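Reading the structure
Read off the chains here:
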Amino acid sequence: MIGLDVLAVGYLVRDADGELLEAHSTSTLIRTGDSSIVVDTSSRFMRPALKSSFRDLGVYPKDVDTVVLTHSHQDHTGNLDLFPNAEVYVQAGGDDLGADVNVIEGDMQLCSGVRLVRTPGHTPDSMSVFVEADRAYVVAGDAVPTEDNYRKMVPPRICADREAAMESINSIANFADIIVPGHGFPFMTR
Ligand SMILES: [Zn+2]
């Protein structure tokens, strides 16, 4: 049985003109029975929140065997060093993280029920994690930065390719009962 827990609920702070002042990603733990997978590690600022969630769940960060980074922006990768024993997966085309990572190109079945899916648009290296658990979940990173992007069907504000971004949102929408956005709480799609 696969279970998901949100370790830290990320958020964005904008000024009156919509200029981004702060960004902290949501971080999610997926447990499959024999694997503990963290999707996005959030920002340095969220480190205490992350650690206290691990304590509450009775999981040690050193026992996390896999980290998936939905893309290479700092607000998603800031606590990568908390997971020294994890295999790290990133999609090709992102920034150099100065760490030992597995660079994949395209989709990949990580384990039974957990699939890495390329969802470009926000950045060329954006990917999402499609999970078949009690429901169909997508941990979307900034392919769906906020619930608002989904409800209004608008691409991320920071967007390398709007057309690709809309295709990615649609493929996520087709699969997901529940989306974990890049920033904010999980939400139901229907
Ligand atoms: Zn980003």
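These figures come from a predicted structure and were not determined experimentally.

Another aspect to go through is the overall build of the protein chain. A tally of helices and strands in the protein chain yields four helices and 14 strands. Compactness check: the protein chain gives a C-alpha radius of gyration of 15 Å against a globular reference of 16 Å for 190 residues, within 12% of the reference. Expressed as lengths along the three principal axes of its C-alpha atoms, the size of the protein chain is roughly 40 × 35 × 30 Å. The burial tally for the protein chain puts 53% of its 190 residues in the buried class. Counted over contacts in the protein chain with a minimum sequence separation of 6, partners at least 24 positions apart contribute 55%. Carbon and sulfur atoms make up 47% of the accessible area of the protein chain, which amounts to about 9000 Å² in all. Side chains of the protein chain give 15 positive and 28 negative charges; the mean places of these two sets differ by 5 Å.

Quick look at the packing of aromatic side chains now. As enumerated under the stated definition, the model contains three aromatic pairs in all. Ring centres of Phe54 and Phe83 lie 5.8 Å apart, and the angle between their planes is 55 degrees; on these two criteria the pair is classed as tilted. You can see Phe54 sitting in helix 1 (residues 47-57) and its partner Phe83 sitting in the loop between helix 2 (74-77) and strand 7 (87-91), a full 29 residues away along the chain. Considered together, Phe54 and Phe83 belong to a single accessibility category, that of buried residues. For the ring pair Phe130 and Phe175, a centre distance of 4.8 Å and an interplane angle of 40 degrees mean the geometry is tilted. With Phe130 in strand 11 (residues 127-132) and Phe175 in helix 4 (residues 162-175), the pair connects residues that are 45 residues apart, well separated along the chain. Taking the ring centre of Tyr60 as reference, the NZ or CZ of Lys62 above it sits at 5.0 Å.

Before going further, it helps to spend a moment on the coordination of the zinc ion. Coordination of the zinc ion by the protein is provided by His71 (NE2), His73 (ND1), His122 (NE2) and Asp142 (OD), with metal-donor distances spanning 2.1 to 2.7 Å. According to the relative accessible area criterion, His122 is buried, its value standing at 7%. Classification of Asp142 as buried rests on a relative accessible area of 6%.

Moving on, we come to the sheet that holds strand 10 (residues 114-118). Judged by pairing direction, the sheet is mixed, and its six strands sit side by side in the order 9-10-11-12-13-14 without closing on themselves. Each edge of the sheet is formed by a strand with only one pairing partner; in this case those strands are strand 9 (108-111) and strand 14 (187-188). Of the pairings in the sheet, the one linking strand 12 (residues 136-141) to strand 13 (residues 178-181) comprises four bridges and is parallel in character. Counted as the bridge partner of Tyr137 is Ile178 from strand 13. Sheet strands touched by helix 4: strand 11, strand 12 and strand 13. Its angle to strand 11, the strand with the most contacts, is close to 10 degrees.

Reading the values: rules and limits
- Residues numbered from 1 in each chain as written.
- Predicted model: local features only at pLDDT ≥ 70, side-chain atom pairs only at ≥ 80, totals over all residues.
- Heavy atoms only, no water.
- Helix = DSSP H or I, 4+ residues; strand = E, 2+ residues; numbered from the N terminus.
- Rg over C-alpha atoms; globule rule 2.2 N^0.38 Å.
- Buried < 20%, exposed > 50% of the residue type's maximum accessible area, 1.4 Å probe, protein only.
- Contact = heavy atoms within 4.5 Å.
- Areas by Shrake-Rupley, 256 points an atom, 1.4 Å probe, with all protein chains shown as cover.
- Lys, Arg positive; Asp, Glu negative; His and termini not counted.
- Charge placed at Lys NZ, Arg CZ, Asp CG, Glu CD.
- Phe/Tyr/Trp six-rings, centres within 6.5 Å; stacked < 30°, edge-to-face > 60°.
- Lys NZ or Arg CZ within 6 Å of the ring centre and 35° of its normal.
- Donors = N, O, S within 2.8 Å, 3.2 Å for Na, K, Ca; no water.
- Pairing = 2+ DSSP bridges.
- Axes fitted to C-alpha atoms, helices over the stretch in contact; angles between N-to-C directions.

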